[in-house]
There are 2 protein chains.
Amino acid sequence: MSTMQEVANKAGVSKATVSRVLSGKGYVSQETKDQVFKAIEEAGYRPNLLARNLATSKSMCIGLVVTNTLYNGNYFSELISQAAKKLDANGRQLILVDGKHSAEEEREAIQFLHDLRCDGIIIYPRFLSVDEMDDIIDKYNKPVMVVNRKLRKHQSHCIYCDHKGSGLQATNALIERGHRNIAFITGSMDSPTAIERLSGYKEALTAVGLPINDALIISGKWSAASGAAAVEALLAAGQTFSAILASNDEMAIGAMKKLNDAGIAVPADVSVIGFDNIPTAPFLIPALSSVKDPVSDMVSEVISQIISMLDGGYLSEQNKFVSELILRESVTSGPDLP
Amino acid sequence: MSTMQEVANKAGVSKATVSRVLSGKGYVSQETKDQVFKAIEEAGYRPNLLARNLATSKSMCIGLVVTNTLYNGNYFSELISQAAKKLDANGRQLILVDGKHSAEEEREAIQFLHDLRCDGIIIYPRFLSVDEMDDIIDKYNKPVMVVNRKLRKHQSHCIYCDHKGSGLQATNALIERGHRNIAFITGSMDSPTAIERLSGYKEALTAVGLPINDALIISGKWSAASGAAAVEALLAAGQTFSAILASNDEMAIGAMKKLNDAGIAVPADVSVIGFDNIPTAPFLIPALSSVKDPVSDMVSEVISQIISMLDGGYLSEQNKFVSELILRESVTSGPDLP
DNA sequence: TTGTAAGCGTTATCAC
DNA sequence: GTGATAACGCTTACAA
């Protein structure tokens, strides 16, 4: 690995000049420039980013922490692909760090990114509490943005969407179609998203005076298999229902499979709605309706903010974003919203 | 940000001693250790990984280059989650870099990882030729491993699976069930995987004396939408077929949707087989069979190798892995392989 | 057992 | 325009 010094020697100039040529900052004659470029070429020189980053305390990297419980499926890939695309458009790199499956590990992941001197950090938290996130934002002197949580203190450092509202919306859509016995399959109940969607469901029922029947609320674990199991449980218990609201599409798919197996037609006999609106959803089963979760919009927005914080000088600008960012999920009426 | 020097001052020792305490290498009395830890605590000290990595020329990071044309869907998330899990189990971090959508960009991604002084690099190439990959491996002095390609020169630096073999296998499965008119939906034909799967299909037909009917071979682009479009084209052209082999599950799903829409029952009227065996596949449509692509096994194996190269001293051990690694895809007989 | 000092490969501030 | 030279924060012989 040849260094800048070697290039300098080869070109008969000093390190400083080579650095100038490379950075484009400072004056350097065309003649020397040519020599330097030639020497770089000959030496097969490549800059050492570690050294550069250490000297400049900038890395052009943004870290993203995601729990690996999210690693499965379309939602995750949409998250990552959006992040990579957007960052790249701004000339930065994405560093993905596994938040694994505990608050402690999420903390460590953030710490690691910090120790690595990333320019900014994006967290899609799963186990960390909002209060701790607020503390973390105070603690670090680099931009930290939180996706899918409403923070109490640093409202300009987070972006989230109204899961409760969309649970409500989806439930209402079913009620309006005349459904009265609506089953609900929850996500993992240690996830705020799951809790909020469920509360939207309950609120919608209550609002129109329908009873909340606990026997119709089955807990799932986000996976297709757990959706299938939920329906199995409902059937085994002999429950009556004309619609199912599943907290995500994966579970909706599993649920439909089970219904079909049991000879129950979807949507003729039972309507099903999911959440997240995964890309293949419209192809899966013509009867699947889905509520879109705006992951990509959230990620995209968060990155824009980090970039502008960085470009504008973080500390001086940190009060710039005063408004809360709430993205509303939208019910995508599939070919046949029941 | 307090530095090691500040900790040293606080503890009344030298930088070197603090470093020893932190690394656990070298002798240091229990007494000083305690003082140092106390000082670290008080100072809220955190090591600067850039500085450490620069000094040691080690980073404990492994880079992964993946084209973003792969970023959508289950295959990708399985790839990433496996990589993250496996690396973590070995105390290393994953750095994901976007290979975007050209050979040049894949090259740049690799270069970036190298400039960042990653300990090792994994490439899931999409556009780079195998010959260039061989050159790249020669060029860098850090372990580089290639997933899903058979290299000519550095056979111990790659792992791949027999896509042609599984194309053959899947086609045979259909032939054995009596199918004679088997349509084939290809993946993007700039992808070796797509080409190989197609060639397996052709070979299987030829082997039993069946004609290759070009009208039954439609090119898709890996997406569900393109699978649907392919079926639409087949139907519009008035083609006769009793089975469809789609180069991946996404397309198989799109294809089935279209068939169903056209009033053609799956698998009663037409059998469908896909590839990759995405987790939700068995739930999607009871009729979907899928050939499993062993991504996770490939990634896992590749990481094991990189780690052992690193631990064993790369250059001295580089001839250690002499055997080719070929993983065979397996036909998963779904509930009802036609 | 601990300290000194020379790197690691850059950038950036001065002089000249 | 260009060259010394001091950082950046850490590791690691080599001394003591």
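From a predicted model like this one, the values you see are computed outputs, not experimental measurements.

Chemist: Would you mind going over the overall build of chain A with me for this structure?
Modeler: For chain A, the helix and strand inventory stands at 14 helices and 12 strands. By residue count, 54% of the 338 residues in chain A fall in the buried class. Within chain A, counting contacts between residues at least 6 apart in sequence, those at least 24 apart form 69% of the total. With an accessible surface of roughly 13700 Å², chain A has 51% of that area assigned to carbon and sulfur atoms.

Chemist: What is the right way to look at the interface of chain B and chain A in this model?
Modeler: How big an interface is tends to be expressed through the accessible area that disappears when the partners come together. Facing the 46 residues of chain B at the interface are 47 residues of chain A. Here chain B meets chain A over a buried area of about 4500 Å², counting both sides, of which 68% is carbon and sulfur. Taken together, the connections running from chain B to chain A amount to 4 salt bridges. A salt bridge links arginine 46 of chain B to aspartate 115 of chain A; its shortest N-O distance comes to 2.5 Å. Put simply, the parts of the chain that give the side of chain B that touches chain A at least two residues each are α4 (49-56), α5 (74-89), β2 (93-100), α6 (103-115), α10 (224-236), α11 (249-261) and α12 (281-284) of chain B. Partitioning the side of chain B that touches chain A into residue classes produces 26 nonpolar, 12 polar and 8 charged.

Chemist: Would you explain the UniProt feature "domain: HTH lacI-type" (unreviewed entry) in chain A in this entry?
Modeler: UniProt records the feature "domain: HTH lacI-type" (unreviewed entry) for residues 2-56 of chain A in the present numbering. As annotated, residues 2-56 of chain A has a helix share of 71% and a strand share of 0%, and its two end C-alpha atoms lie 21 Å apart.

Chemist: Help me understand the protein's contact with DNA strand D, please; the structure alone is not making it clear to me.
Modeler: What surrounds DNA strand D is a group of 26 residues, the closest being Thr17 and Arg20 of chain A together with Met4, Lys15 and Tyr45 of chain B. Among atoms of DNA strand D positioned within 4 Å of the protein, sugar and phosphate together represent 62%. At the level of elements, α2 (15-23) and α4 (49-56) of chain A together with α2 (15-23) and α4 of chain B are the ones that each hand at least two residues to the surface near DNA strand D.

Chemist: How should the protein's contact with DNA strand C be read in this particular structure?
Modeler: Around DNA strand C, the structure places 25 residues, and the nearest of them are Ser19 of chain A together with Thr17, Arg20, Ser29 and Thr32 of chain B. The sugar-phosphate backbone supplies 63% of the atoms of DNA strand C found within 4 Å of the protein. At 3.0 Å from a phosphate oxygen of DNA strand C is found a side-chain nitrogen or oxygen belonging to arginine 52 of chain A. Threonine 32 of chain B has a polar side-chain atom sitting 2.5 Å from a phosphate oxygen of DNA strand C. Counting only elements with at least two residues in the surface near DNA strand C, the list comes to α2 and α4 of chain A together with α2 and α4 of chain B.

Chemist: So what exactly am I meant to see when it comes to the UniProt feature "domain: HTH cro/C1-type" (unreviewed entry) in chain A here?
Modeler: In the numbering adopted here, UniProt assigns the feature "domain: HTH cro/C1-type" (unreviewed entry) to residues 3-32 of chain A. Here residues 3-32 of chain A runs as 67% helix and 0% strand, with 18 Å between its end C-alpha atoms.

Chemist: Which parts of the structure should I look at to understand the confidence of the model for chain A?
Modeler: Do not read the predicted coordinates in detail wherever pLDDT is low. Residue and element names in this part refer to chain A. Within chain A, residue pLDDT values average 87, and 90% of them lie at 70 or more. Here residues 315-328 is a poorly scored stretch, pLDDT under 50, and it has 29 contacts once near neighbours within four places are set aside; other chains count. The low-confidence segment residues 330-338, where pLDDT is below 50, has 25 contacts with residues more than four positions distant or belonging to other chains.

Chemist: Teacher, can you tell me more about unusual backbone geometry here?
Modeler: Where the residue is not glycine, phi is negative for most of them; where a peptide bond is considered, it is trans in most cases. Residue and element names in this part refer to chain A. Going from valine 266 to proline 267, the amide bond is cis rather than trans, its omega being 5°. Here proline 267 lies in the loop between α11 (249-261) and β9 (271-275). The backbone phi angle of asparagine 148 is positive, close to 70°, even though this residue is not glycine. You can call asparagine 148 buried: its relative accessible area is 5%. Its identity is not glycine, yet tryptophan 222 carries a phi of approximately 80°, on the positive side. Mapped onto the elements, tryptophan 222 comes out in the loop between β7 (217-219) and α10 (224-236).

Chemist: How should the nonpolar core be read in this particular structure?
Modeler: Within soluble globular proteins, side chains that are nonpolar generally end up buried alongside one another. In terms of nonpolar packing, the biggest core is built from 56 residues, with Ile80 and Leu96 of chain A together with Ile80 and Leu96 of chain B touching the most fellow members. When near neighbours in sequence (up to four residues on either side) are disregarded, leucine 96 of chain A contacts Leu64, Val66, Tyr71, Phe76 and Ile80 of chain A together with Ile80, Leu94 and Leu96 of chain B. Of all hydrophobic cores here, the second largest spans 46 residues; its members include Leu116 of chain A together with Val97, Leu113 and Ile123 of chain B.

Chemist: I tried to follow the state of the cysteines on my own but got confused; where do I start?
Modeler: Two cysteines whose sulfur atoms are joined by a covalent bond form what is called a disulfide. In total, this model carries 0 disulfides over all chains according to the counting rule given. Here cysteine 158 of chain A is not disulfide-linked; the sulfur of cysteine 161 of chain A is the nearest cysteine sulfur, at 11 Å.

Chemist: Just checking my understanding: could you explain the relation of the copies chain B and chain A for this structure?
Modeler: Both copies of the chain are tied together by a single rotation about an axis and a shift running along it. Between chain B and chain A, which share one sequence, the superposing operator has a rotation angle of 180° and an axial displacement of 0.0 Å; the RMSD is 0.1 Å. As the rotation angle and translation indicate, the two copies are arranged about a two-fold axis. When the interface residues of chain B are mapped onto chain A, 100% of them are again interface residues, pointing to one common binding face.

Chemist: Would you mind going over empty space enclosed by the protein with me for this structure?
Modeler: Rolled over the atoms, a probe with the dimensions of a water molecule shows which regions are left empty. In the structure shown here, the tally under the stated rule is 2 cavities of 30 Å³ or more. Roughly 140 Å³ of internal volume is contained in the largest cavity. For the largest cavity, the lining is made up of 15 residues, of which Ile95 and Leu116 of chain A together with Leu50, Ile95 and Leu116 of chain B are closest to its centre. For the lining of the largest cavity, the secondary-structure elements that each account for two or more residues are α4 of chain A together with α4 of chain B.

Chemist: What exactly am I supposed to notice about the packing of helix α8 (residues 163-176) of chain A against helix α9 (residues 192-207) of chain A here?
Modeler: Each pair of packed helices gets described by two things: the angle between the helix axes and the distance between those axes. Residue and element names in this part refer to chain A. Where α8 meets α9, the closest approach of the two axes is 7 Å, and the angle between their N-to-C directions is 40°. As judged from the angle between their axes, α8 and α9 are oblique. When the axes of α8 and α9 are compared, the crossing they make is right-handed. From α8, His163, Lys164, Gly167, Leu168, Thr171, Asn172 and Ile175 reach across to α9, where they touch Thr193, Glu196, Arg197, Ser199, Gly200, Tyr201, Glu203, Ala204 and Leu205. For the contact of α8 with α9, a count of residues per class yields 5 nonpolar, 7 polar and 4 charged.

Chemist: It is not clear to me how the pairing of strand β6 (residues 182-186) of chain B should be interpreted in this structure. Could you clarify?
Modeler: Within a regular beta strand, the side chains point alternately toward one face of the sheet and then the other, so they alternate between its two faces. Residues and elements named next belong to chain B. Burial analysis of β6 places 5 of its 5 residues in the buried class, which makes it a mostly covered element. Burial of β6 is two-sided: the residues Ile182, Phe184 and Thr186 facing one way and the residues Ala183 and Ile185 facing the other way are all buried. As judged from the 4 bridges shared by β6 and strand β8 (residues 243-246), these two strands associate in the parallel manner. For alanine 183, the partnering residue across the bridge sits in β8 and is isoleucine 244. Bridge analysis of β6 against strand β7 (residues 217-219) gives 3 bridges, and the strand direction is parallel. Across the sheet, residue phenylalanine 184 finds its bridge partner in β7, namely isoleucine 217. Viewed along the sheet, the connection from β6 through helix α9 (residues 192-207) into β7 turns out right-handed.

Here is what the cut-offs are and how they apply
Residues numbered from 1 in each chain as written. Chains lettered and ligands numbered in written order. Predicted model: local features only at pLDDT ≥ 70, side-chain atom pairs only at ≥ 80, totals over all residues. Heavy atoms only, no water. Helix = DSSP H or I, 4+ residues; strand = E, 2+ residues; numbered from the N terminus. Buried < 20%, exposed > 50% of the residue type's maximum accessible area, 1.4 Å probe, protein only. Contact = heavy atoms within 4.5 Å. Areas by Shrake-Rupley, 256 points an atom, 1.4 Å probe, with all protein chains shown as cover. Buried area = accessible area lost by both parts, 1.4 Å probe. Salt bridge = Lys/Arg side-chain N within 4 Å of Asp/Glu carboxyl O. Nonpolar A, V, L, I, M, F, W, Y, C, P; charged D, E, K, R; others polar. UniProt positions renumbered as here; feature names shortened; annotations may be inferred. Near = heavy atom within 4 Å. Polar contact = N/O pair within 3.5 Å; in protein donor to acceptor, adjacent residues only side chain to side chain. pLDDT = per-residue confidence, 0-100. Core = buried A, V, L, I, M, F, W, Y, C linked by side-chain atoms within 4.5 Å. Disulfide = S-S within 2.5 Å. Least-squares fit on C-alpha atoms with pLDDT ≥ 70 in both. 1 Å grid on protein atoms, 1.4 Å probe; cavity = no way out; pocket = protein on both sides within 12 Å on 5 of 7 lines; lining within 4 Å. Points joined across faces, edges and corners; volume = space filled by probe spheres on them. Axes fitted to C-alpha atoms, helices over the stretch in contact; angles between N-to-C directions. Parallel < 35°, antiparallel > 145°, perpendicular 65-115°, else oblique. Left-handed = near helix turned anticlockwise from the far one by under 90°. Pairing = 2+ DSSP bridges. Right-handed = clockwise from strand over helix to strand, strands pointing away.

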